[in-house]
Each structure stands twice: as structure tokens, then as C-alpha cells.
Amino acid sequence: MIGAATLSGSVLAEAKLWGRLNRLTRIPGRGPLVVGALVLALATMALSLSPVDVRYAVAAISLLLLFGLAVGFFAVAASGFAIGNTMLIMGGIIVGAAGLMLTQIMCVAMNRTLLSVFVGGLGEVVSGEGDSYENVVGSDPEEAAMVLEAARNVVIVPGYGLAAARAQQSAADLADALAEQGVQVRFAIHPVAGRMPGHMNVVLAEADVPYDRLVEMERINSDFPNVDLVIVVGANDVVNPAANRASGSPIAGMPILEVENARRVMVVKRSLSPGYAGIKNELFERDHCTMLFGDAKQVLEDLVREFRAGVSTS
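Draft legend 1. Local environment of the overall build of the chain. Helix and strand content of the chain: 13 helices and 6 strands. In the chain, the share of contacts with a sequence separation of at least 24, taken over all contacts with a separation of at least 6, comes to 76%. Approximately 15,400 Å² of the chain is accessible, and the part contributed by carbon and sulfur atoms is 62%.

Laid out in C-alpha cells, this is it:
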């Protein structure tokens, strides 16, 4: 049971990382499905004490747990108990405790409770709700590069999409190209952007981004009105203005990077699909916001090339 749930969860995580699945973990009635699968798995485990061999039934039913279990802290420890391995038990408990503490930090940053994380998701998603945009302006790297040439103060907001596309080096190259032209460039870091606290710090460190270019949310929010251009790369919920205004929104009250206050905003994103909250991002429809659709790494590389070409000919 433990092995099947852990394996299927790993497969699901990899599929989501590659963008193959967007809403599988938010299917309607997920809660009852998980509870039912768990009861069936335990029942068949009890039957396995009899001469009837139902091990395959236990494994098959346990696969259903992937639809609802958002986290699985103590799978390693449970495996240790199952096979009587003390080292697995100790290692699993340490890793599980660390994961629980990280999750609590994220809950505080996102104005959520631990229970809501264990249940998974931020509420049921109505089909098409996250894609119901009416006024979205698209752009391309060539046009975006012309906007960059006129900017003197630029902020880059990295998100999970940047990490998934492995675009950290491309973002660092863009920052270097801007700095070479005397542009003030900084990275705005939301405490829970990505999949864990500090995720963006680690990702950008891999690309040797100078630490003094990284600015925490609390320090940079007040400065956004003075920023000429914000480039959002793969972030969604952490820049959604709905957190400040929509009292009925799943993310109401969640601290966000207030990029909407900048003079212009560009969003690099594969599509208009919703983030973890499953809701539309009001920022995308603002008059001063344009979208650059595509793989984050490719878009940033094209943007750097166009920017350098434009600077060299001016």
C-alpha cells in the first residue's frame, strides 16, 4: 500500500513538472475518492490476513490515493516499520519532520492552514474558470526587447515555471545584459515561490546570480511604483491582485508581490492555465500587462538575443 501510493505520487509529480497534467489533482469529489480508496485499501489489507491473496488488490486501490494526497511526509518511515528497518524509520521521521516544518512556513506565508494543505488544493475548480480571460494582450521577444531598451529600473519575478523550465541561467543572462547597459535590475523573491521556502534563492544561486540582486517581498513591495518594468517568469498566484481585493477568493489575504503597481508588466508563461489556487489572475487583463507565451527558457534566451541586437545597432 505504501509503495503503490508513493510510486504513483512520484509519477504524478514528474508529469506535472513536465506540464503534462494541469488539473488532475483538482478533480471534483477528490476528498471522498481518497477516503473511499483508503477504506478499501485497509479492508483488503485485513483480508490479506486470511488465506486469500489480495496483495495486488491492495496495490491497485492504493494507486487511487495519488488523486488526493498532496503530501506524503512519512512514507519512508512507514516503509521502515513495514520491513523492520530501523535506519529507514529514523531517516523517514527526520525528513518528515523537516517537511512538516517547511509546510508550516509556507502555510503562514500563504495565509492557509496545515489541514488545507493535507487535503490538497485551494478548493474545487469549475471547468474553464482559470482560462476565462477577455482582454489579454500578447507580445513577442522582439517587441519586448524594445520596451527593455527604454527601461532603467527592471525587476524579475521568478516562479515555479522558471524552475520547471530550467531557465535560471537564461534569467541571469538577461539580468547581466541589462546591468551592462546601466539598468538597475533586481530579482523579487516571494517566500514561497516554487515548491518550498527558499526555492527561488537556491535556483538562482545555481546560476550565480549575485545575492545583492535578490530582494525579499517585504522590502521591494513599496518600491514597485518606481519600477519601469516587471518581468514575471512562471509565477502566478504570488502576483495575483485578487489576494488584496477579492474577499471570497481562495487566496484572499495571502501576501503577494504587488507587481501591478509597476509602470509595465510582462508575464512569461506557457499558457493562461491557472496556478495552484485554480483561479484566474487579474493581472493578466490589466492594460499595462503583456503576455509572452512559450517555454520560459526559450523566451528569455530570445529576449536576451533581441535586446543585445537592439543595443548594438542603436
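Draft legend 2. Quick peek at the pairing of strand E1 (residues 153-158). Taken across its 6 residues, E1 has 6 buried, putting it largely inside the fold. Where E1 lies against strand E2 (residues 184-189), 4 bridges are found, and the strand directions are parallel. Bridge pairing in E2 links valine 154 to valine 185. Alignment of E1 against strand E4 (residues 229-233), held across 5 bridges, turns out to be parallel. From the neighbouring strand, valine 154 faces E4, where its bridge partner is leucine 229.

Draft legend 3. Broad picture of the packing of helix H7 (residues 141-150) against helix H13 (residues 296-313). Contact geometry of H7 with H13 gives a least axis separation of 8 Å together with a crossing angle of 55 degrees. As summarised for this structure, H7 and H13 are arranged oblique, according to the angle between their axes. Seen from above, H7 lies across H13 with right-handed handedness. The segment H7 lies against H13, with Pro141, Glu142, Ala144, Ala145, Leu148 and Glu149 engaging Val299, Asp302, Leu303, Glu306, Phe307, Gly310 and Val311. Looking at the contact of H7 with H13 residue by residue, the class counts come to 8 nonpolar, 1 polar and 4 charged.

Draft legend 4. Representation of the side chain of arginine 186 within the structure. When you line up the elements, arginine 186 lands in strand E2. Judged by relative accessible area, arginine 186 falls into the buried class, the value being 12%. When sequence neighbours within four positions are dropped, the list of residues in contact with arginine 186 reads Asn153, Val154, Val155, Ile156, Arg213, Val215, Ile220, Asp223 and Val227.

Draft legend 5. Layout of a nonpolar patch on the surface. Taken together, Leu102, Ile105 and Met196 make up a surface patch of nonpolar side chains, about 250 Å² in accessible area. Along the chain, the position of methionine 196 falls in the loop between E2 and helix H10 (199-206).

Draft legend 6. Structural detail: H7. All of the buried residues along H7 are Pro141, Ala144, Ala145, Val147 and Leu148. Buried residues of H7 fall within an arc of 160 degrees about the axis and therefore sit on the same side. Structural note: H7 exposes Glu142, Met146 and Ala150 on the side pointing more than 90 degrees away from its buried face. For H7, the secondary structure elements touched by its buried residues are E1, helix H9 (168-180), E4, strand E5 (264-269), strand E6 (289-293) and H13. A distance of 3.1 Å separates the backbone nitrogen of glutamate 142 from a side-chain oxygen at the start of H7, and that oxygen is part of aspartate 140.

Draft legend 7. Region of the structure containing the packing of aromatic side chains. Under the counting rule described, the total for this entry stands at 1 aromatic pair. On the basis of an interplanar angle of 35 degrees and a centroid distance of 5.7 Å, the ring pair of tyrosine 133 and phenylalanine 284 is categorised as tilted. Here tyrosine 133 is found in the loop between helix H6 (114-119) and H7, whereas its partner phenylalanine 284 is found in the loop between E5 and E6, with 151 residues between them in sequence. Neither residue differs from the other here; tyrosine 133 and phenylalanine 284 are each classed as buried. Stacked on the ring of tyrosine 133, the Lys or Arg lysine 280 has its end atom at 5.1 Å from the ring centre.

Cut-offs applied
Residues numbered from 1 in each chain as written. Predicted model: local features only at pLDDT ≥ 70, side-chain atom pairs only at ≥ 80, totals over all residues. Heavy atoms only, no water. Helix = DSSP H or I, 4+ residues; strand = E, 2+ residues; numbered from the N terminus. Contact = heavy atoms within 4.5 Å. Areas by Shrake-Rupley, 256 points an atom, 1.4 Å probe, with all protein chains shown as cover. Buried < 20%, exposed > 50% of the residue type's maximum accessible area, 1.4 Å probe, protein only. Pairing = 2+ DSSP bridges. Axes fitted to C-alpha atoms, helices over the stretch in contact; angles between N-to-C directions. Parallel < 35°, antiparallel > 145°, perpendicular 65-115°, else oblique. Left-handed = near helix turned anticlockwise from the far one by under 90°. Nonpolar A, V, L, I, M, F, W, Y, C, P; charged D, E, K, R; others polar. Patch = residues over 30% accessible without salt bridge, like charges linked within 9 Å, V, L, I, M, F, W, Y side chains within 5 Å. Salt bridge = Lys/Arg side-chain N within 4 Å of Asp/Glu carboxyl O. Arc of directions from axis to C-beta. Polar contact = N/O pair within 3.5 Å; in protein donor to acceptor, adjacent residues only side chain to side chain. Phe/Tyr/Trp six-rings, centres within 6.5 Å; stacked < 30°, edge-to-face > 60°. Lys NZ or Arg CZ within 6 Å of the ring centre and 35° of its normal.

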